[in-house]
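Architecture and fold: a report
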Amino acid sequence: MKRLARFHLRLEPRKAGLARGAALDERPADLEPLKVLIVSDRPDVEELVRLHREMGIVPTVVTTGYQAVKMLACGDDYAAAVVDVRLPAMTNLALVALIRNCEHGRNLPLGILLGPGDERRVSFPGQENAPVELIRQPLEPDRVRGKLKWLIEHERRQRALLLERAERHRLETALRQSELRYRMVGAATRDLLYDWDTLTNAVEWNRALCDEYGYPEDILESDFGFWYEHIHPEDRGRVSAALDRLLGGPESRWEATYRFRRADGSYAEVVDRGYVLRDSAGKAVRMFGAIQDQSAQRQAERTLREREERFRRGQERLQRATRAARVGVWEIDLPDWSIWRDEQHDRLFGHEAPLPEWTRETLLAHVHPDDRERVRADQDRAILERGSYAHEFRVLWPDGSVHWLASAGRTECDAEGRAVKIIGTVRDATDTKAIESELREAVRARDEFLSIASHELKTPLTAISLQAQIIRRATQPNAPANAIDRVPLLVDQMDRQVRRLARLVDDMLDISRLALGKLALHLETFDLTELAREVIERMAPEIMAIGSTLSLDAEEPVIGHWDRFRIDQVLVNLLTNAARYGEGNPIEVTVRGSPTQARLTVRDRGRGIAHEDQERIFQRFERVASEATPGGLGLGLFIVRQILELHEGSIRVESALGQGSLFIVELPRGVPGP
Amino acid sequence: MASPGRRPLLLVEDEPDIRNSLRDLLADAGYPVLTAANGREALECLRTGAERPALILLDLMMPVMGGSTFLERLEQEPDDLVAIPVVVLSAAKDAATRHPATVGRIEKPIDLDELLDWVRRYCG
């Protein structure tokens, strides 16, 4: 700071010098026209006036001491006064004393007019302040001129001196102010101020180097190297190059941003603004500047940028997510029902491009007429109760398709509890609805299966239970005599019902095995024709019991590599079905073989299967059955198809209502034919 | 061995083993039994039968015409037929068990003593 102050002193004198030079040059103008006060009532005053005028001096003549004092008191600016010693009513001495009492007379050079016999005094009041010259009469022009010139020169010098003194005072005051101000700024600022003498390379810093950057005080006077070394290595080259350009070029102002090391090793991000002082040849001699630490600001900017970026990314993510999830966001301003919605919203209502406006009427117009009142009521209730709602409704797209949407909204209230907004989302629920209906259908099918299963299981159980009770009665002593005769028949029936029960249980086990993928095939080589004959023989009594007949049309053995037990099951299921739906008409079975395929058909002459049911019957729990045609778990054909598919075979049905059904089984033989 | 003078009862059941067993048992107990394998046969029997049954034992799940449909059709018949009491043979409670004509329900598997109680009550 000392050096900085010195710099000001060194800098300012040049200005001060200029000012002083100007003041000297301008001074004659200050005193022009020179005025002199003449106080005399003698006749030769005219001569005196003439002499003054010759010298370019403007004389003012008064005849009495009072007038003279009055003129001086008026503040007229006289360069000198010429006073007669003999004045009426006032002695010469008294007048001089009066003049010296005046503000403007204190230092006024005086000429004293002496007549031939006048006493020559040697001392006058104020002689130490201003010269006093005696002018003798009769007037000798040369002498008078000489005296006047002397007096005026003296005054001129005095005034110049005064001016210079005043100027110097002013400058010193200004300098002191400036230096004080500089010191205050240096202390007040957190900026790092430097003064770099480019000739000696000395650099002086303000206290910010200690206070803000943590360096010890002895570094306040260091050199260029200190500064240079504390610039971040990555910035050093760039800053140094810019500085070289500055010092070598015509510019005075400089600005650079770089990282400046703190005492703790961390770096401050600074902006350095400098000013170069040059000598008359344009060579840089000093550089002054302020280094501002912008780390916090930069950090804040970075944080803000990051935050903005995060927000933007969040927005983007949200938008992508809502788009992917087919979710639209909307907001209703309640007072006027103006509706804001995001770009996804209108798409959910079938508009690829957003509509120019969306109102409640727009919404309701899109909603399926059957759902419209419900949607309106749900919203109204939410507003009324300041609550929320979630509902699903159908919308009609402009292309005529129907879509399910799920919308949920929540009412928002102001401080007074008035509902001001409903905010919510809407999403496509078409798929969900489809799954829901599939699930409902699956549950329905399962429930129906359970109901059928329990009936199917109870029927043989009921029969067995009855037969057992009847046998018990028949064996009691008081039974009718012929009752016992029926027992063998009843036992046969029981046997049949138990088998039936076992078959049902097997079917149910197969279903769960199939569902778990645990139905394994045990392949062996056998003749399908032979198996068909065997099954038909086994089932014939049962079939004939319901008044039907069974026939087999098979010309030759059809050998293949299959699971005998499972193919047996296929035949039993198909024949049981044919018997159940064959309405007592003949059932025909055929077996044919090709080199690679076996083909088995079962034809009944029953009620047939409607076209729309023909695929459904192969599904689990499905039957054509209504109350009018019960029987079976609805598992038979499902199991058949699964078994055949495990053999890489197939089954299909050809049928029409009232014309019976033809089930056609195709089985790859698995091994080369005989 | 039907007792003379008793009005018959009508047994409607699709499962032959059950139907035949019950018929034999009731006949042994002295009740004349008419049988039908489904609702349609039962209606035929009521319309053409010489004697109006004193009681109908009705299974519900049957092919061609089930018990519930039979009860609905029965309402369209002359009053004397509508008035016949019905005991439902059913594994589960059903709308049919609440039908005005239904006076009772026997759960399957059927308990013969319970069945005979109902028969005695309505057929003497």
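Attention in this report is confined to the structure presented alongside it. The model shown is predicted, which means the values in this text are computed figures rather than measured ones.

Description of the overall build of chain B
Along chain B, the regular secondary structure elements total 5 helices and 5 strands. Each helix and strand of chain B, placed in order from N terminus to C terminus, yields the pattern β-α-β-α-β-α-α-β-β-α. Taking the intrachain contacts of chain B between residues at least 6 apart in sequence as the baseline, contacts between residues at least 24 apart amount to 63%.

Considerations on the overall build of chain A
Scanning chain A from N- to C-terminus turns up 17 helices and 25 strands. The proportion of buried residues among the 674 residues of chain A is 26%. Here the analysis covers contacts within chain A between residues at least 6 apart in sequence; of these, 56% occur between residues at least 24 apart.

What about the sheet that holds strand E7 (residues 132–136) of chain A?
Residue and element names in this part refer to chain A. As summarised here, the arrangement of the 5 strands in space is E2-E1-E3-E6-E7, forming an open sheet in which the pairing is parallel. On the outer flanks of this sheet lie strand E2 (58–62) and E7, each paired with one strand and no other. Put simply, the sheet's adjacent strands are angled 20° from each other on average, direction ignored. Where helix H5 (residues 141–188) meets the sheet, its contacts fall on strand E3 (80–84), strand E6 (110–114) and E7, and the angle it forms with E7 comes to roughly 165°.

Topic: helix H14 (residues 487–516) of chain A
Spanning 30 residues, H14 of chain A covers 43 Å between terminal C-alpha atoms, matching the ideal 44 Å at 1.5 Å per step. When we look at burial in H14 of chain A, the residues that qualify are Leu490, Gln493, Gln497, Arg500 and Asp507 of chain A. Elements that come into contact with the buried residues of H14 of chain A comprise helix H13 (430–474) and helix H17 (636–646) of chain A together with helix H1 (16–28) of chain B. Gly517 of chain A sits one or two positions beyond H14 of chain A and adopts a positive phi of about 70°.

What to know about the nonpolar core
Ranked by internal contacts, the top residues of the largest apolar core, which has 40 residues, are Leu9, Val12, Ile56, Leu57 and Leu58 of chain B. In contact with Leu9 of chain B, not counting residues within four places along its chain, are Tyr31, Val33, Pro53, Ala54, Leu55, Leu57, Val119 and Cys123 of chain B. In this structure, Leu528, Val602, Ile639 and Leu667 of chain A belong to the second largest nonpolar core, which totals 36 residues.

Overview of the interface of chain A and chain B
Each side of the interface is counted separately: chain A has 22 residues, and chain B has 20 residues. Every element with two or more residues in the side of chain A that touches chain B is listed here: H13 and H14 of chain A. Residue classes in the side of chain A that touches chain B are distributed as 8 nonpolar, 11 polar and 3 charged.

Topic: helix H16 (residues 564–581) of chain A
Residues and elements named next belong to chain A. Here H16 spans 26 Å end to end across 18 residues, near enough to the 26 Å set by a 1.5 Å rise per residue. Looking only at H16, the buried set comprises Arg566, Ile567, Gln569, Val570, Leu571, Asn573, Leu574, Leu575, Asn577, Ala578, Ala579 and Tyr581. Residues of H16 that are buried sit in contact with helix H15 (528–545), strand E21 (559–563), strand E22 (587–593), strand E23 (597–604), H17 and strand E25 (661–668). After H16 finishes, the residue Glu583 shows a positive phi value of roughly 50°.

Examining the packing of H13 of chain A against H14 of chain A
When two helices pack together, their arrangement is given by the angle between the helix axes and the distance between those axes. Residue and element names in this part refer to chain A. Between H13 and H14, whose axes approach to 9 Å, the crossing angle comes to 160°. Considered as vectors, H13 and H14 are oriented roughly antiparallel to each other. Relative to H14, H13 is oriented so that their crossing is left-handed. Packed against H13, whose contacting residues are Glu456, Leu457, Pro460, Leu461, Ala463, Ile464, Gln467, Ile470, Ile471 and Ala474, the element H14 presents Val487, Leu490, Gln493, Met494, Gln497, Val498, Arg500, Leu501 and Leu504 at the interface. In terms of residue class, the contact of H13 with H14 is built from 14 nonpolar, 3 polar and 2 charged.

What to know about the packing of H15 of chain A against H16 of chain A
Residue and element names in this part refer to chain A. Interhelical geometry of H15 versus H16 gives an angle of 40° and a closest axis separation of 10 Å. Looking at the two axes, H15 sits oblique to H16. Helix-helix and strand crossings are classified by hand; for H15 and H16 the assignment is right-handed. Contacts between H15 and H16 involve Leu528, Leu531, Ala532, Val535, Met539 and Ile543 from the first element and Arg564, Ile567, Asp568, Leu571, Val572, Leu575 and Ala579 from the second. A breakdown of the residues in the contact of H15 with H16 according to their chemical character gives 11 nonpolar, no polar and 2 charged.

Brief notes about the environment of Arg136 of chain A
Here Arg136 of chain A is to be found in strand E7. Sequence spacing of Arg136 of chain A and Asp118 of chain A is 18 residues, and the spatial spacing of their C-alpha atoms is 9.3 Å.

Side note on the sheet that holds E23 of chain A
Residue and element names in this part refer to chain A. With mixed pairing, the 5 strands of this open sheet are ordered in space as E20-E22-E23-E25-E24. The strands lining the two open edges of the sheet, one partner per strand, are strand E20 (550–554) and strand E24 (650–655). In this sheet, neighbouring strand axes are inclined to one another by 15° on average, regardless of whether the strands run parallel or antiparallel. Where E24 meets E25, 6 bridges bridge the pair, whose relative direction is antiparallel.

Details of unusual backbone geometry
Here the bond from Gln137 of chain A into Pro138 of chain A is cis, since omega is -5°, no more than 30 degrees from zero. In the segment running from Lys108 of chain B into Pro109 of chain B, the intervening peptide bond is cis, with an omega of -5°. Secondary-structure assignment places Pro109 of chain B in the loop between strand E5 (102–107) and helix H5 (112–123). Non-glycine residue Arg386 of chain A carries a positive phi angle of around 50°. Phi at Glu648 of chain A is positive, roughly 60°, even though this residue is not glycine. Tracing the backbone through its elements, the reader meets Glu648 of chain A in the loop between H17 and E24. Judged by local crowding, Glu648 of chain A falls into the exposed class, with 10 C-beta atoms found within 10 Å.

Details of the pairing of E2 of chain A
All names here are of chain A. Of the strand pairs in this sheet, strand E1 (residues 35–39) and E2 are connected by 5 bridges, and their pairing is parallel. Note on E2: the bridge partner recorded for Val39 is Val62. Taking the sense of rotation as the criterion, the β-α-β connection linking E1, helix H2 (residues 45–54) and E2 turns out right-handed.

Reading the values: rules and limits
- Residues numbered from 1 in each chain as written.
- Chains lettered and ligands numbered in written order.
- Predicted model: local features only at pLDDT ≥ 70, side-chain atom pairs only at ≥ 80, totals over all residues.
- Helix = DSSP H or I, 4+ residues; strand = E, 2+ residues; numbered from the N terminus.
- Contact = placed C-beta atoms within 7 Å.
- Buried ≥ 20, exposed ≤ 12 C-beta atoms within 10 Å, placed from the backbone.
- Pairing = 2+ DSSP bridges.
- Axes fitted to C-alpha atoms, helices over the stretch in contact; angles between N-to-C directions.
- Expected span 1.5 Å × (residues − 1).
- Core = buried A, V, L, I, M, F, W, Y, C linked by C-beta atoms within 7 Å.
- Nonpolar A, V, L, I, M, F, W, Y, C, P; charged D, E, K, R; others polar.
- Parallel < 35°, antiparallel > 145°, perpendicular 65-115°, else oblique.
- Left-handed = near helix turned anticlockwise from the far one by under 90°.
- Right-handed = clockwise from strand over helix to strand, strands pointing away.

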